[in-house]
Amino acid sequence: MKKTAEELKQRMESLERFSFPTYSELPGIELYMEQVLTYVNEVLSTLTKEDQAALTSFMVNNYVKAKIIKEPNKKRYGREQLGYLIAICTLKQILPMTDISFLIEMDERVSADKAYLYQFWSNLETDGIHEGTRRLGKNIETLLKLHARETQRKGKEIADQKLRDSLGLLALRLSINAQVNKMLSEAILASLQESLPEESSDKTKKKSSKTKGKGEKK
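The model shown is predicted, which means the values in this text are computed figures rather than measured ones. (Residues numbered from 1 in each chain as written. Predicted model: local features only at pLDDT ≥ 70, side-chain atom pairs only at ≥ 80, totals over all residues. Heavy atoms only, no water.)

Enquirer: Outline the overall build of the protein, supporting the account with residue identities and numerical values.
Expert: Helix and strand counts for the protein come out as eight helices and two strands. Along the protein, helices (α) and strands (β) appear in the sequence α-β-α-α-β-α-α-α-α-α when read from the amino end. Of all 218 residues assigned to the protein, the portion counted as buried reaches 37%. A sequence separation of at least 24 residues applies to 74% of the contacts in the protein between residues at least 6 apart. (Helix = DSSP H or I, 4+ residues; strand = E, 2+ residues; numbered from the N terminus. Buried < 20%, exposed > 50% of the residue type's maximum accessible area, 1.4 Å probe, protein only. Contact = heavy atoms within 4.5 Å.)

Enquirer: Could you give me a rundown of the packing of aromatic side chains, with the residues and numbers involved?
Expert: Under the criterion given, the structure shown has five aromatic pairs. Look at Tyr23 and Tyr118: their rings are 5.8 Å apart centre to centre, the planes differ by 55°, and that puts the pair in the tilted class. With Tyr23 in the loop between α1 (2–16) and β1 (31–32) and Tyr118 in helix α6 (residues 114–154), this pair connects stretches of sequence that are 95 residues apart. As far as the burial class goes, Tyr23 and Tyr118 line up, both buried. Between Tyr118 and Trp121 the ring centres are 5.6 Å apart and the planes differ by 50°, which places this aromatic pair in the tilted class. In this pair, Tyr118 and Trp121 are both assigned in helix α6, three residues apart and thus about one turn of the helix distant. Of the two residues examined, Tyr118 and Trp121, each falls in the buried class. Here the aromatic cluster, defined as three or more aromatic residues joined through ring pairs, consists of Phe18, Phe20, Tyr23, Tyr118 and Trp121. (Phe/Tyr/Trp six-rings, centres within 6.5 Å; stacked < 30°, edge-to-face > 60°.)

Enquirer: So what's going on with the nonpolar core? Residues and values would help.
Expert: Phe20, Leu55, Val60, Tyr63, Ile69 and Ile86 are the most contacted members of the largest nonpolar core, which has 49 residues in total. Among the elements of the structure, α1, α2 (33–43), α3 (57–65), α4 (79–91), α5 (97–110), α6 and α7 (156–194) are those that each provide at least two residues to this core. The element best represented in this core is α6, accounting for eight residues. For Ile69, the contacting residues outside a window of four places in its chain are Val60, Tyr63, Val64, Tyr77, Tyr84, Leu85 and Ile88. (Core = buried A, V, L, I, M, F, W, Y, C linked by side-chain atoms within 4.5 Å.)

Enquirer: Residues and numbers for a nonpolar patch on the surface, please.
Expert: A surface patch of nonpolar side chains, amounting to about 510 Å² of accessible area, comprises Leu169, Leu172, Ile176, Val180, Met183 and Leu184. Tracing the sequence through the fold places Leu169 in helix α7. Judged by its relative accessible area of 39%, Leu169 falls in the partly exposed class. (Patch = residues over 30% accessible without salt bridge, like charges linked within 9 Å, V, L, I, M, F, W, Y side chains within 5 Å. Areas by Shrake-Rupley, 256 points an atom, 1.4 Å probe, with all protein chains shown as cover. Salt bridge = Lys/Arg side-chain N within 4 Å of Asp/Glu carboxyl O.)

Enquirer: I'd love a proper account of the environment of Tyr116, names of residues and values included.
Expert: Checked against the element boundaries, Tyr116 lands in helix α6. Residues Tyr116 and Tyr23, spaced 93 residues apart in sequence, show a C-alpha to C-alpha distance of 8.4 Å.

Enquirer: Run through the packing of α6 against α7, naming residues and quoting values.
Expert: It is at 8 Å that the axes of α6 and α7 come closest, and there the two elements cross at 160°. Viewed along their axes, α6 and α7 adopt a mutual orientation that is roughly antiparallel. Regarding α6 and α7, the two cross each other, and that crossing is right-handed. Note on element contacts: α7 touches α6 through Lys156, Ile158, Ala159, Asp160, Lys162, Leu163, Ser166, Leu167, Leu170 and Leu174, opposite Leu136, Asn139, Ile140, Leu143, His147, Glu150, Thr151 and Lys154. (Axes fitted to C-alpha atoms, helices over the stretch in contact; angles between N-to-C directions. Parallel < 35°, antiparallel > 145°, perpendicular 65-115°, else oblique. Left-handed = near helix turned anticlockwise from the far one by under 90°.)

The values reported here are purely geometric and, on their own, carry no functional implication.
This is how it looks when you write it as structure tokens:
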């Protein structure tokens with residue numbers, strides 16, 4: 001059990017060093033679908049389970065059909081589309097496509113500068129990852145010290161069980177926090193969408209409905 005916790009701590013240290021490419025670091029040339037998938041999945045590999053792809057061609061085609069991202073130029077995707085695809089792949093873990101589509105529409109009203117919008121999102125996402133992993137890493141370090149003391153006092157078996165229980169409790173707390181934050185985020189976005197003129201609201205709903213029933217989260 002100690003080895004498991006140590007490996008988890010190392011994973012947190014790796015995530016603390018993670019950063020998204022800047023907008024200028026995104027490929028300056030347009031990429032074909034397979035190149036897009038290779039690039040985006042490589043960027044997000046640190047955040048993704050080994051047996052899962054963050055992005056598939058099926059997903060990209062759905063986003064294009066739903067007009068969440070722009071259509072490719074002669075089957076090639078540019079820097080703007082890559083930036084949005086990276087952001088969508090992270091956000092769809094917690095938000096339905098309806099809300100993601102709405103946020104992208106808000107982007108268009110905030111600024112036409114895609115570099116600014118991408119960097120703003122990237123900074124928020126990166127800061128959240130670093131803050132969360134740093135906090136969890138410290139918690140695990142504390143648990144490992146307690147495990148060492150418990151091993152000397154009560155033996156390895158009891159110490160391992162306490163460590164296992166403590167890690168499970170940490171996972172539960174994080175899950176509850178994620179659920180609560182998701183609920184609050186969706187409440188804010190629902191209020192914002194309700195305040196839009198009817199025409200804009202219908203436009204968002206039509207976009208998101210095209211992705212439902214096609215392998216995307218609802």
